[in-house]
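# Structural description and commentary
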Amino acid sequence: MSKVTCAVVPVAGYGTRFLPATKATPKEMLPVVDKPAIQYVVEEAVAAGLHDVLFITGRSKRALEDHFDDSPELEAELAKQNKSELLEKVKDPSELAKIHFVRQGVPKGLGHAVSMAKEHVGNNPFAVLLGDDLIDPRDFVLDDMLKVQAEHGGSVVLLMEVDPSEIHLYGSAQVEKTDKENVVKVTDLVEKPNAKDAPSNYAVIGRYLFDPAVFEVLEKTKPGKNGEIQLTDAMKTLAKDVKKEVGGGLHAVIFKGRRYDTGDKLSYLQSVVQLASEREDLGPAFKKWLKTFVNNLGN
Ligand code: G1P
């Protein structure tokens, strides 16, 4: 099996949950402490050796393209002022990875967004990382997923147990045990079911490794939930109907670490507080203030 080098990152969504902040700014550019949320996602891909990053983008995402590009005037100005630390921070995003863009045109769902990567990816396995899902860098998980794909072949997804009241926000997976505690075989999937119809409380988190067979499956996948071409429906086909010899089969890693949904206001605030608390530069002063603040909150 060829090595995974490409991370596909769909970023064409509107970010309506964060209006009005996202009226003229892509939701992926909202800062988590002092870095845009999307930079954490790209850094995670690079940490797993995925140096080829393909954004599936859309209208009003120019700021995102600029963030991962050189900024000659700003760099020259910072160099002139001998602000070397800031200069590094400005250069980091453009030097992280080889960044490419494909426009989605009409957004017809997550499955449609991923199918746009076909020409770039070719006949190689690849990763998909969703920009709203921020995995705490201390709980890095992509390497575990890559090992499972190397061992079992096919595709691999990340699952996390959620409260039944939240399963309607996610893809839900039916699973079978394997001989490893944190690895399961996926036998069925339903996109955003009601709690009573969910096959389990294992929710799909936005990290996927795909066999290129997914492209053919996506071409045949009919619009599903909300009239959109759902990635979850294509994964269901990979799990149930596509033979292992031609790229079928779906396993999952069960994630027990810290993950934030930066598209959700409460989870976004939690990500800022958690990551700021851990920072060497900000953490001590921030935690000191936070403790006093919490003590004064009362009930
Ligand atoms: C998407 C997927 C869903 C998955 C979720 C993870 O939904 O369709 O299966 O569980 O990401 O964040 P979205 O949150 O984009 O509506």
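Residues numbered from 1 in each chain as written. Predicted model: local features only at pLDDT ≥ 70, side-chain atom pairs only at ≥ 80, totals over all residues. Heavy atoms only, no water.

## Structural notes on the overall build of the chain
Basically, it comes down to this: Think of it this way: any DSSP run of H or I at least four residues long counts as a helix, any run of E at least two long counts as a strand, and we number them from the N terminus. We take the radius of gyration over the C-alpha atoms and set the globule estimate at 2.2 Å times the residue count to the 0.38 power. Partly exposed describes any residue whose relative accessible area lies between the buried limit of under 20% and the exposed limit of over 50%, with all areas from a 1.4 Å probe on protein chains only and scaled to the type maximum.
The helix and strand tally for the chain stands at 11 helices and 13 strands. Against the compact-globule benchmark of 19 Å for 299 residues, the chain has a radius of gyration of 20 Å, which places it among compact chains. The dimensions of the chain, computed from C-alpha atoms along their principal axes, are 60 × 50 × 35 Å. Counting only residues that meet the buried cut, the chain has 48% of its 299 residues in that class.

## Regarding the packing of helix α8 (residues 213-220) against helix α9 (residues 231-240)
Let me state the cut-off plainly: Angles run from 0 to 180 degrees between N-to-C directions of axes, and those axes are lines fitted to C-alpha atoms, restricted for helices to the stretch in contact. Should the near helix be turned anticlockwise from the far one by less than a right angle, the crossing is left-handed, and should it be turned clockwise, the crossing is right-handed. By definition in these notes, contact holds between two residues if any of their heavy atoms fall within 4.5 Å. Three classes are used: nonpolar for Ala, Val, Leu, Ile, Met, Phe, Trp, Tyr, Cys and Pro, charged for Asp, Glu, Lys and Arg, and polar for all others, with Gly counted as polar.
It is at 9 Å that the axes of α8 and α9 come closest, and there the two elements cross at 115°. For the element pair α8 and α9, the recorded crossing hand is right-handed. Judged by residue contacts, A213, V214, V217 and L218 of α8 engage L231, A234, T237 and L238 from α9. Looking at the contact of α8 with α9 residue by residue, the classes come out as seven nonpolar, one polar and no charged.

## Side note on the site of the ligand
For the record, the criterion: Here a residue is considered near a molecule or strand provided that any single heavy atom belonging to it is located within 4 Å of it. A 3.5 Å cut-off defines polar contacts: any pair of N or O atoms within that distance qualifies, except that in protein one atom must be a possible hydrogen donor and the other a possible acceptor, and neighbouring residues in sequence count only when both atoms are side-chain atoms. To be clear on the numbers: accessible area is Shrake-Rupley with a 1.4 Å probe, and residue cover counts the displayed protein chains and nothing else.
Near the ligand, the surroundings consist of L110, L130, D133, Y170, G171, E191, K192, V204, G206, T232 and R259. One nitrogen or oxygen atom from the side chain of E191 is found 2.6 Å from an oxygen atom belonging to the ligand. Calculation on the ligand without its partners gives an accessible area of 380 Å², and the protein chains cover 78% of this total. Class assignment of the residues belonging to the shell around the ligand gives a composition of four nonpolar, three polar and four charged.

## Brief notes about the environment of H152
Structurally, H152 can be placed in helix α7 (residues 142-152). Remark: the alpha-carbon pair of H152 and K185, spanning 33 residues in sequence, is separated by 9.8 Å. Dropping the residues within four chain positions of it, H152 is found in contact with K244 and H251.

## Details of the packing of helix α3 (residues 72-80) against helix α4 (residues 84-96)
The line we're drawing: For classification purposes, an angle smaller than 35 degrees is called roughly parallel, one larger than 145 roughly antiparallel, one from 65 to 115 roughly perpendicular, and anything else oblique.
Interaxial distance between α3 and α4 falls to 9 Å at its minimum, and their mutual angle equals 165°. In terms of axis orientation, α3 runs roughly antiparallel to α4. In terms of crossing hand, the pair formed by α3 and α4 is left-handed. Of α4, the residues touching α3 (which contributes L74, E75, L78 and A79) are L86, L87, V90 and K91.

## Considering the pairing of strand β11 (residues 202-210)
Counted only if it meets this: When DSSP finds two or more bridges between two strands, those strands count as paired.
In terms of residue burial, β11 counts as a mostly covered element, since eight of its nine residues are buried. Pairing analysis gives six bridges linking strand β8 (residues 155-161) to β11, with the strands arranged antiparallel. Within β11, the residue paired with E161 across the bridge is Y202.

## Some words on unusual backbone geometry
Backbone torsion omega between L19 and P20 reads 10°, so that peptide bond is classified as cis. Looking at where P20 falls in the secondary structure, it is placed in the loop between β1 (6-10) and β2 (31-32). Look at N82: it is not a glycine, yet its phi comes out positive at around 55°. Tracing the backbone through its elements, the reader meets N82 in the loop between α3 and α4. Residue classification places N82 among the exposed positions, given a relative accessible area of 67%. At K192, a residue that is not glycine, the phi angle is positive and equals roughly 45°. Inspection of the secondary structure assignment puts K192 in the loop between β10 (183-191) and β11. Since its relative accessible area comes to 30%, K192 is described here as partly exposed.

## Considering a negative patch on the surface
The following threshold applies: A patch consists of residues whose relative accessible area exceeds 30% and which take part in no salt bridge; residues with like charges are grouped when within 9 Å of each other, and nonpolar side chains (Val, Leu, Ile, Met, Phe, Trp, Tyr) when within 5 Å. A side-chain nitrogen of Lys or Arg and a carboxyl oxygen of Asp or Glu constitute a salt bridge if their distance falls within 4 Å. Only four residue types enter the tally: Lys and Arg on the positive side, Asp and Glu on the negative side, with His and both chain ends excluded. Think of each charge as sitting on NZ of Lys, CZ of Arg, CG of Asp or CD of Glu.
A contiguous patch of negative charge, built from D66, D69, D70, E88, D92 and E95, is present on the exposed surface. For the negative patch, the leading source of residues is α4, giving three residues. In this fold, D66 is placed in helix α2 (residues 62-67). Judged by its relative accessible area of 45%, D66 falls in the partly exposed class.

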